[in-house]
Amino acid sequence: YDKIPSVDPQQYKTPAQLLEAIKYKELDRWSFIITTAEYQQYYVEGKYYGHGFGYGFDGNGKVRITFIFKNSDLYAAGVRRGWIIKKINNTTVTAQNISNLLGENKAGISNTFVFGRPNGADTTITSEKKEVPMDMVLLDTVYTLGAHKVGYLVLYSFIADAASEIDEVFNKFATAGVTDLIVDLRYNTGGFTNIGLLLASYIAGKDHPQEIWCRFVHNDKKTSKDTSLVLEAKDQSLSLNRLFVITTSSTASTSEIIINGLRPMMTVFTIGQKTHGKPVGMDVLTWKQYDYVLFPISFKIVNKNGEGDYFGGL
């Protein structure tokens, strides 16, 4: 609060403009505000409008599919992770133009893609954006390596809709007798901490019940809001002494709490790039008389040992 500049709210036409004016820009890259409908659609109902895929750039600057939702039309047409997006509407795709070429994520927008397939052939597919149910668990499997049963989980987001999918995966893992776990969070930008706590409890709750996973620490005017989240022993919790997490610079927020929060309890290896670096959290503020939901940075997040402040990533 002592870093917020003094401004006249009447000078700003929208809540988003006012929020931008009062951010503590030295550290706050995240505070945002959206409409109630947008909040309900994405964070509560897990709805997504688009073609149903994510993309990234390989070492040669080519744009590749990083994941694709199984309920999308493009998945049904055979498009898979690793395919190259060569053209959109006859324009060669680059890192600089792909966002504009794809256009707004709303129903009815049509794009024609030229994809490069792994066998070297090109495939042209026209797809219309629509509501696509999101898969929170993009992939789960169990590998047998000698005496080890290795569970592998790719988790897209920690939104409310993820809970049932996480429950289902760990039921499979427990039934299979998983002894080692890889959690792939390379595309996971975060979400609700209660869903993160669910995942952490499946990972460590059996051996560390009621131990603090993370603490929310507020400023000196709001210490009454300080709280701790503790692990719960689930019926399908695993018994692990180490965890492997695959990360990129998009691994953020609740994904980073998984890593930092579990490190006092087990060896946590991170594989890949440094994480995003968001050791702070947001309250979700709503008003009955205004059609907005505000997500302001309002507390820092530390583990049971008080370790946090990883603004440079993990």
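Sequence order as written defines the numbering, with residues in each chain counted from 1. It should be noted that, the model being predicted, local features are given only for residues of pLDDT at least 70 and side-chain atom pairs only at 80 or more, the latter also being counted only at that level, while totals for whole chains, interfaces and linings use all residues. Working from all heavy atoms in the structure, the side-chain values ignore hydrogens and water.

Draft legend 1. Quick peek at the sheet that holds strand E19 (residues 292-295). Read across the sheet, three strands follow the order E1-E19-E18 without closing on themselves; strand pairing throughout is antiparallel. Either end of the sheet is taken by a strand with one partner, and the two such strands are strand E1 (32-35) and strand E18 (285-286). Only heavy atoms enter the contact rule, under which two residues are in contact if any of them lie within 4.5 Å. For every element, the axis is a line fit to its C-alpha atoms; helices are fit only across the contacting stretch, and the angle between N-to-C directions ranges from 0 to 180 degrees. Going along the chain from the N terminus, every DSSP run of H or I of four or more residues is numbered as a helix, and every run of E of two or more is numbered as a strand. Contacting E1 and E19, helix H1 (residues 15-22) crosses the sheet at an angle of about 170° to E1. Across the sheet, helix H2 (residues 36-44) lies against E1 and E19, angled at about 95° from E1, the strand it touches most. A pair of strands is treated as paired once DSSP finds two or more bridges between them.

Draft legend 2. Region of the structure containing the pairing of strand E20 (residues 297-302). Where strand E13 (residues 212-217) and E20 come together, three bridges link them in antiparallel fashion. Considered in E20, the bridge of Phe-216 is made with Ile-301. One ladder, built from three bridges, connects strand E17 (residues 280-282) with E20; its direction is antiparallel. Looking across to E20, one finds that Met-282 is bridged to Ile-297.

Draft legend 3. Region of interest: the pairing of strand E2 (residues 47-50). The rule is simple: take the accessible area with a 1.4 Å probe, protein chains only, and divide by the maximum for that residue type; under 20% is buried, over 50% is exposed, in between is partly exposed. Because side chains alternate across E2, one face comprises the buried residues Tyr-48 and Gly-50, and the other comprises Lys-47 and Tyr-49, none of which is buried. With four bridges joining them, E2 and strand E9 (residues 130-133) adopt antiparallel strand pairing. When the bridges of E9 are listed, Gly-50 appears paired with Lys-130.

Draft legend 4. Looking closely at the environment of Ile-257. Assignment of secondary structure puts Ile-257 in helix H7 (residues 254-262). Among the residues examined, Ile-257 registers a relative accessible area of 2% and is labelled buried. As a C-alpha pair, Ile-257 and Ala-163 span 94 residues in sequence and 17 Å in three-dimensional space. Setting aside its immediate chain neighbours within four residues, Ile-257 contacts Thr-193, Trp-213, Cys-214, Leu-262, Ile-301 and Tyr-310.

Draft legend 5. Just the packing of aromatic side chains, in detail. Aromatic rings from Phe, Tyr and Trp, with only the six-membered ring used for Trp, were paired whenever their centres fell within 6.5 Å, and each pair was classed as stacked if the ring planes differed by under 30 degrees, edge-to-face if by over 60, and tilted otherwise. Taken as a whole and judged by the stated rule, the model has 16 aromatic pairs. Measuring from centroid to centroid gives 6.5 Å for Trp-30 and Phe-311, while their planes differ by 25°, and the two rings are stacked. Of this pair, Trp-30 sits in the loop between H1 and E1 while Phe-311 sits in the segment after E20, and the two are 281 residues apart along the sequence. Look at Phe-311 and you get partly exposed, because its relative accessible area is 26%. With 5.4 Å between their ring centres and 50° between their planes, Phe-67 and Tyr-187 make a pair best called tilted. Taken as a pair, Phe-67 in strand E4 (residues 63-68) and Tyr-187 in the loop between strand E12 (180-184) and helix H6 (193-204) lie far apart in primary sequence, 120 residues in all.

Draft legend 6. Inspection of the sheet that holds strand E10 (residues 137-145) at higher detail. What the five strands build is an open sheet, ordered E10-E11-E12-E15-E16; its pairing is mixed. What marks the edges here is a single partner per strand, and that holds for E10 and strand E16 (267-272). For this sheet the average axis-to-axis angle between neighbouring strands, irrespective of direction, equals 20°. Pairing geometry for strand E11 (residues 148-155) and E12, over five bridges, is parallel. Bridge pairing links Val-154 to Asp-184 in E12.

The values reported here are purely geometric and, on their own, carry no functional implication.
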